[in-house]
Amino acid sequence: MQFMLLFSRQGKLRLQKWYVPLSDKEKKKITRELVQTVLARKPKMCSFLEWRDLKIVYKRYASLYFCCAIEDQDNELITLEIIHRYVELLDKYFGSVCELDIIFNFEKAYFILDEFLLGGEAQETSKKNVLKAIEQADLLQEVRHNYFL
Amino acid sequence: MPAPIRLRELIRTIRTARTQAEEREMIQKECAAIRSSFREEDNTYRCRNVAKLLYMHMLGYPAHFGQLECLKLIASQKFTDKRIGYLGAMLLLDERQDVHLLMTNCIKNDLNHSTQYVQGLALCTLGCMGSAEMCRDLAGEVEKLLKTSNSYLRKKAALCAVHVIRKVPELMEIEKNHGVLHTSVVLITEMCERSPDMLTHFRKLVPQLVRILKNLIMSGYSPEHDVSGISDPFLQVRILRLLRILGKGDDDSSEAMNDILAQVATNTETSKNVGNAILYETVLTIMDIKSESGLRVLAINILGRFLLNNDKNIRYVALTSLLKTVQTDHNAVQRHRSTIVDCLKDLDVSIKRRAMELSFALVNGNNIRGMMKELLYFLDSCDPEFKADCASGVFLAAEKFAPSKRWHIDTIMRVLTTAGSYVRDDCVPNLIQLITNSSEMHAYTVQRLYKALLDDISQQPLVQVSSWCMGEYGDLLLSGQCEEEEPIQVSEDEVLDVLEGVLISNLSSPVTRGYALTAIMKLSTRFSSVNRIKRVVSIYGSSIDVELQQRAVEYNALFKKYDHMRAALLERMPVMEKTAANGPTEIVQTNGEAEPSVLDVKHVPSAPQPSVQANDLLDLLSGNDMVPVIPTTVPTKPASAGGELLDLLGDLSLTGVPASAPVPVSISQPPFLLDGISSQPLFNDAAAGIPPMTAYNKNGLKIDFTFERSNSNPNVAVITIHASNSTEADMTDFVFQAAVPKTFQLQLLSPSSNVVPALNKGTITQVVKVLNPQKQQLRMRIKLTYNHRGSSVQDLAEVNNFPTQSWQ
């Protein structure tokens, strides 16, 4: 995977994770263009599209669009599964996750993503293990430190 | 300094901002506060500030002043700080910035930390954004971690290693470790993709992998790994992919895999997306390895089933894979043709594009009519971005499989009228060539083009082709004769009106104007209203456009000084031959430049000119029957450049827009034939003992053949014909033409003159070269035309009495 973006129906970016080195300006440009393209798609359309030389896989969950850019030889259908697995993880962690949760706890969403994907590939396929790791890491963050955030 | 506000509150406040300006204001205020807080080196609240900064960064505001702070956070001992610090590093930094190098040391320390989560964080960061230098430095540490017993770390280390390898391919000597299955499979995949030696090393693994896959499928329900009843699909897909790479090109491994692939293919449930994902990967694998044919058929059937699925994603994926396989398994894919054609009508852009490409790949002689109808309909209704591709695809397909010339022309016209502005520039000359080739269709074509032009002059390629045709075949238009459509009554003025309209209109590009002007000029020989044409031409003699002006001036000169040549110059174009079977991009005839110096050089004969003999031979290479003979130009003035005729018929000026001009063929020597035959005549007088013969003797005209062997190529017989006239009157405009059977190749050089003087006072000589690679009996059919005593004479004869030495 080259990058993953989460954005709302109004085009506001909620999460961005880049696995390739690009300058800030390029990232902004890509984000802007991609958001426009995906938001212009009608609801019944195919979840895959070709954009520049990448394949883009996107799925909409309630008001959020989850958008991944994969390379040519990657399997599109399994990427959809990856997106779904990530949403499930978020759901389990936050308990019925909604967009607000991701807005206010974006750093936690990132931590979960980092436990699930590393370098653009899935590192742990078991839901239980991912959640357990996050739980333990959270414990390390001593309670009183939460005040600091 | 009061405690900076908490992250939550900041987020809440920013969200209440109603306008962009308000939001910006709030953010700037907060940024200022953060900056001063950083300056004060406040440890306690640093992580809060950085978190706020990250949020602002996500909204799009610049946050680079936080980079150093991230580093400080990473260096701190508190886990919270480290977490936020690494997150900030991953978001704000990338390998292009120098600051990240400072992280290297921190990461190194953390990789050796006692807490696995800290190590995990470090690995994660390294894996996401490690630069080449960092990777090099830290590779040793990562390798150590790969070997630990802690599975949590091992899997992270494996992926990190993947990233390292991607960045620094030389580090691949890292030993692989059968750690956690998934990540190590990824690692192995990556290594195999990079290095072929690894491939052989890992091929030994194939049986093991097969076993693992089998276990996965067979084993019971494992709740943590499964997705809707299918156990660990991610791992399955990964293993399949690895199998694909290992099996490519290798028979043994492929055989080992056949069973398991078949099993996966048949057992996986397809109702959910997951099952389909696995099936898709299986199909891809089957296609790539050397699988047996039964398996391949199974794969294509699966794809066919995908196509019928309602889910668009699956259909898209099926179309893509079918495109890849259509080369190898053409017939199997044909079965699904109707479904594919239906997909053309789908609303979704991606599917349409795929279906279009696949349809073009599937077109063949049998289904061309039906498919073309669909494709033309598609062309009408599709988006502009598709039109260019679709149009060129239609042209190619039509050219390969057109059932009849008329159908071909109809199709092309339809394309031009619907998508005219999107067609590529080289289709105009192709179309022109096609039209000249189908001589029986001229009247029909020109009528249709005329009608199209009446409707609409905005589509440039259409206008160009139409004006060219009207110029060439205007007389056919006037006579109104056409078997296939109702004749329309068109008058000369109407035609000229249309052409002038094109010239004047703002919609016409300069190239089109050039076409129109030349067309008008050509009509001067075909129509009778010459004065009007003269007027038009002289108007443009002072046009601003240099190209038009040049043409107009020359045409004017034609009217004034060279009126006698006008008819000959503006004669109809001969049939052009194609050099290649598909999409000829060169037109065999050389067309000269319309240069000012042209007019005073040559006498143009009434017959077409190609002095470029190379073209005959090129043309023969594509296997034409009985070479249509093209005699050489009559009095050649070798002084002009390369003996080429500067031909105004061509209408092709290289000084104009290059894209619209067909490429005049340069006299490039086709490889093997001409190495012995250079353009200067080879007159070896050493006749090598082949006796001369009389080929033809009738009505006072005698033609003798003398033979020479070409020096460099023993298969080439050089024949010199000598024509003499024993009657009392000269024979003028003498033209000698010859044709040979398919296995031979013929080249005619320039004759010495075209008048055979009476009473054997002199002879015409002409050199004929015959290539006879199969050493067959030489046979020739000759055609002679000349004017004798005021009447023109034509005669055909067969020459069979060649001496055997001429072709041995």
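Residues numbered from 1 in each chain as written. Chains lettered and ligands numbered in written order. Predicted model: local features only at pLDDT ≥ 70, side-chain atom pairs only at ≥ 80, totals over all residues. Heavy atoms only, no water.

- Chain B is annotated in an unreviewed UniProt entry as AP-1 complex subunit gamma from Scleropages formosus.
- As its UniProt record puts it under Sequence similarities (unreviewed entry), chain B is described as follows: "Belongs to the adaptor complexes large subunit family." (UniProt positions renumbered as here; feature names shortened; annotations may be inferred.)

- Looking up chain A in an unreviewed UniProt entry gives the name AP complex subunit sigma, with the organism given as Scleropages formosus.
- Quoted verbatim from the Subunit (unreviewed entry) field of UniProt, the annotation for chain A is "Adaptor protein complex 1 (AP-1) is a heterotetramer composed of two large adaptins (gamma-type subunit AP1G1 and beta-type subunit AP1B1), a medium adaptin (mu-type subunit AP1M1 or AP1M2) and a small adaptin (sigma-type subunit AP1S1 or AP1S2 or AP1S3). Binds to MUC1."

1. Observations concerning the overall build of chain B
Here is step 1 of the chain: Looking only at helices and strands, chain B features 33 helices and 12 strands.
Here is step 2 of the chain: Looking at chain B as a whole, 56% of its 808 residues qualify as buried.
Here is step 3 of the chain: For chain B, restricting intrachain contacts to residue pairs at least 6 apart in sequence, the fraction spanning at least 24 positions comes to 69%. (Helix = DSSP H or I, 4+ residues; strand = E, 2+ residues; numbered from the N terminus. Buried < 20%, exposed > 50% of the residue type's maximum accessible area, 1.4 Å probe, protein only. Contact = heavy atoms within 4.5 Å.)

2. A word on the overall build of chain A
Here is step 1 of the chain: On a plain count of helices and strands, chain A comes out with five helices and seven strands.
Here is step 2 of the chain: For chain A, the α and β elements follow one another from N to C terminus as β-β-α-β-β-β-α-α-α-β-β-α.
Here is step 3 of the chain: Relative to its full complement of 149 residues, chain A shows a buried share of 62%.
Here is step 4 of the chain: Residue pairs in contact within chain A that sit at least 24 positions apart in sequence constitute 48% of those at least 6 positions apart.
Here is step 5 of the chain: Accessible surface computed for chain A: about 6200 Å², of which carbon and sulfur atoms make up 51%. (Areas by Shrake-Rupley, 256 points an atom, 1.4 Å probe, with all protein chains shown as cover.)

3. Focus: the confidence of the model for chain B
Here is step 1 of the chain: In the predicted model, chain B carries a mean pLDDT of 68, and the fraction of residues at 70 or more is 65%.
Here is step 2 of the chain: Our summary of model confidence lists the complex with pTM equal to 0.55 and ipTM equal to 0.74. (pLDDT = per-residue confidence, 0-100.)

4. Comments concerning the sheet that holds strand E12 (residues 791-799) of chain B
All names here are of chain B.
Here is step 1 of the chain: Taken together, three strands build an open sheet; the order of strands is E8-E11-E12 and the sheet is antiparallel. With one partner strand each, in any of the chains shown, strand E8 (731-739) and E12 form the two edges of the open sheet. Mean inter-strand twist for the sheet, computed between neighbouring axes without regard to direction, equals 15°.
Here is step 2 of the chain: Inspection of the sheet shows strand E11 (residues 780-788) paired to E12 by nine bridges, in the antiparallel sense. Bridge assignment links Met780 to a residue of E12, and that residue is Val799. (Pairing = 2+ DSSP bridges. Axes fitted to C-alpha atoms, helices over the stretch in contact; angles between N-to-C directions.)

5. Quick look at the environment of Ala158 of chain B
Here is step 1 of the chain: Note that Ala158 of chain B resides in helix H9 (residues 151-167).
Here is step 2 of the chain: For the pair Ala158 of chain B and Glu143 of chain B, spaced 15 residues apart in sequence, the C-alpha to C-alpha distance is 8.6 Å.

6. Overview of the pairing of strand E4 (residues 54-61) of chain A
Residues and elements named next belong to chain A.
Here is step 1 of the chain: With six of eight residues buried, E4 is to be regarded as a mostly interior element.
Here is step 2 of the chain: What sits between the antiparallel neighbours strand E3 (residues 48-51) and E4 is a turn of two residues, in which Arg52 has the positive phi angle 50°.
Here is step 3 of the chain: Note: E4 against strand E5 (residues 64-70), seven bridges, orientation antiparallel. Bridge pairing in E5 places Lys55 opposite Ile70.

7. Things to note about the state of the cysteines
All names here are of chain A.
Here is step 1 of the chain: Counted under the stated rule, the structure contains zero disulfides over all chains.
Here is step 2 of the chain: You can see Cys68 has no disulfide; the closest cysteine sulfur is in Cys67, sitting 6.8 Å from it.
Here is step 3 of the chain: Assessed through its relative accessible area of 0%, Cys68 is described here as buried. (Disulfide = S-S within 2.5 Å.)

8. Structural notes on the side chain of Asp114 of chain A
Here is step 1 of the chain: Position of Asp114 of chain A among the secondary structure elements: in helix H4 (residues 106-116).
Here is step 2 of the chain: Here Lys17 of chain A takes part through its side chain, which lies 2.9 Å from a polar atom of the side chain of Asp114 of chain A. (Polar contact = N/O pair within 3.5 Å; in protein donor to acceptor, adjacent residues only side chain to side chain.)

9. Here we look at unusual backbone geometry
Here is step 1 of the chain: Not every positive phi belongs to a glycine, and Arg52 of chain A is a case in point at roughly 50°.
Here is step 2 of the chain: In this structure, Arg52 of chain A sits in the loop between E3 and E4.
Here is step 3 of the chain: Even without being a glycine, Asp733 of chain B presents a positive backbone phi close to 50°.
Here is step 4 of the chain: With respect to the helices, strands and loops of the structure, Asp733 of chain B is situated in strand E8.
Here is step 5 of the chain: Residue Asp733 of chain B is classed as partly exposed on the basis of its relative accessible area of 43%.

10. A look at the pattern of salt bridges
Here is step 1 of the chain: Tallied over the entire structure, the rule returns 13 salt bridges over all chains.
Here is step 2 of the chain: Where Lys12 of chain A meets Glu23 of chain B, a salt bridge forms, and the shortest distance between an N and an O atom there is 3.9 Å. Taken as a pair, Lys12 of chain A in the loop between strand E1 (3-8) and strand E2 (13-18) and Glu23 of chain B in helix H2 (residues 20-39) lie in two separate chains rather than in one.
Here is step 3 of the chain: Among the residues examined, Lys12 of chain A registers a relative accessible area of 38% and is labelled partly exposed.
Here is step 4 of the chain: Two residues, Lys698 of chain B and Asp795 of chain B, come together in a salt bridge whose shortest N-O distance is 3.0 Å. With Lys698 of chain B in strand E5 (residues 693-698) and Asp795 of chain B in strand E12, this residue pair connects regions lying 97 residues apart in the sequence.
Here is step 5 of the chain: Relative accessible area serves as the criterion here: at 39%, Lys698 of chain B is assigned to the partly exposed category. (Salt bridge = Lys/Arg side-chain N within 4 Å of Asp/Glu carboxyl O.)

11. Overview of the packing of helix H15 (residues 273-288) of chain B against helix H17 (residues 312-325) of chain B
The packing of two helices is summarised by the inter-axis angle and the distance between the axes.
Residues and elements named next belong to chain B.
Here is step 1 of the chain: Contact pair H15 / H17: the axes reach a minimum separation of 11 Å and the direction vectors enclose 5°. Here H17 runs roughly parallel to H15, going by the angle between their axes. Within the contact between the two elements, H15 uses Asn273, Asn276, Tyr280, Leu284 and Met287 and H17 uses Ile314, Val317, Ser321, Lys324 and Thr325.
Here is step 2 of the chain: Per-class residue counts for the contact of H15 with H17 are five nonpolar, four polar and one charged. (Parallel < 35°, antiparallel > 145°, perpendicular 65-115°, else oblique. Nonpolar A, V, L, I, M, F, W, Y, C, P; charged D, E, K, R; others polar.)

12. Comments concerning the sheet that holds E3 of chain A
Either a parallel or an antiparallel arrangement is found when strands of a sheet pair, and the pairing is made through backbone hydrogen bonds.
All names here are of chain A.
Here is step 1 of the chain: With antiparallel pairing, five strands are arranged side by side in an open sheet as E2-E1-E5-E4-E3. Unpaired on one side and paired on the other, E2 and E3 mark the two borders of the sheet. Going from strand to strand, the sheet's axes swing by 20° on average, the running direction of each strand aside.
Here is step 2 of the chain: Packed on one face of the sheet, H4 meets E1 and E2 and runs near 35° to E2.

13. Side note on the interface of chain B and chain A
Here is step 1 of the chain: The partner chain A presents 66 residues to the 72 residues of chain B that form the contact.
Here is step 2 of the chain: Inspection of the region where chain B meets chain A yields two salt bridges.
Here is step 3 of the chain: Of the residues in the side of chain B that touches chain A, the class split is 33 nonpolar, 14 polar and 25 charged.

14. What about the environment of Lys534 of chain B?
Residue and element names in this part refer to chain B.
Here is step 1 of the chain: As for its placement among the helices and strands, Lys534 is situated in helix H29 (residues 530-539).
Here is step 2 of the chain: Residue Lys534 is classed as partly exposed on the basis of its relative accessible area of 36%.
Here is step 3 of the chain: On a C-alpha basis, the gap between Lys534 and Met521 in space is 8.3 Å, while along the polypeptide they are 13 residues apart.
Here is step 4 of the chain: Aside from chain neighbours lying at most four places away, what touches Lys534 is Asn556 and Phe559.

15. Description of the nonpolar core
Nonpolar side chains in soluble globular proteins tend to be buried together.
Here is step 1 of the chain: Ranked by size, the top nonpolar core spans 208 residues in total, and within it Tyr86 and Phe106 of chain A together with Met103 of chain B carry the most contacts.
Here is step 2 of the chain: Looking at which element gives the most residues to this core, the answer is helix H2 (residues 76-94) of chain A, with 10 residues.
Here is step 3 of the chain: If near-sequence neighbours (up to four positions away) are discounted, Tyr86 of chain A is found in contact with Met4, Leu15, Phe66, Ala109, Ile112, Leu113 and Phe116 of chain A.
Here is step 4 of the chain: The next biggest cluster of nonpolar side chains, apart from the first, holds 30 residues, and it includes Leu746, Ile764, Leu778 and Met780 of chain B. (Core = buried A, V, L, I, M, F, W, Y, C linked by side-chain atoms within 4.5 Å.)

16. Comments concerning helix H20 (residues 349-362) of chain B
For an α-helix, 3.6 residues make a turn, and residues three or four places apart therefore share a direction.
All names here are of chain B.
Here is step 1 of the chain: Over its 14 residues, H20 extends 20 Å from the first C-alpha to the last, a length consistent with the 20 Å expected when each residue adds 1.5 Å.
Here is step 2 of the chain: Among the 14 residues that make up H20, 10 are buried, leaving the element largely enclosed by the rest of the structure.
Here is step 3 of the chain: What H20 keeps buried is the set Ser350, Ile351, Lys352, Arg354, Ala355, Met356, Leu358, Ser359, Phe360 and Leu362. (Expected span 1.5 Å × (residues − 1).)

17. Side note on helix H1 (residues 24-39) of chain A
Residue and element names in this part refer to chain A.
Here is step 1 of the chain: Look at H1: 22 Å from first C-alpha to last across 16 residues, which is about the 22 Å you get at 1.5 Å a residue.
Here is step 2 of the chain: Along H1, the positions that sit buried rather than exposed are Lys27, Ile30, Thr31, Leu34, Val35 and Val38. Each buried residue of H1 sits inside an arc of 125° when the element is viewed along its axis, so together they form one side. Summarising the geometry of H1, the exposed residues directed more than 90 degrees from the buried face are Lys25, Arg32 and Gln36. (Arc of directions from axis to C-beta.)

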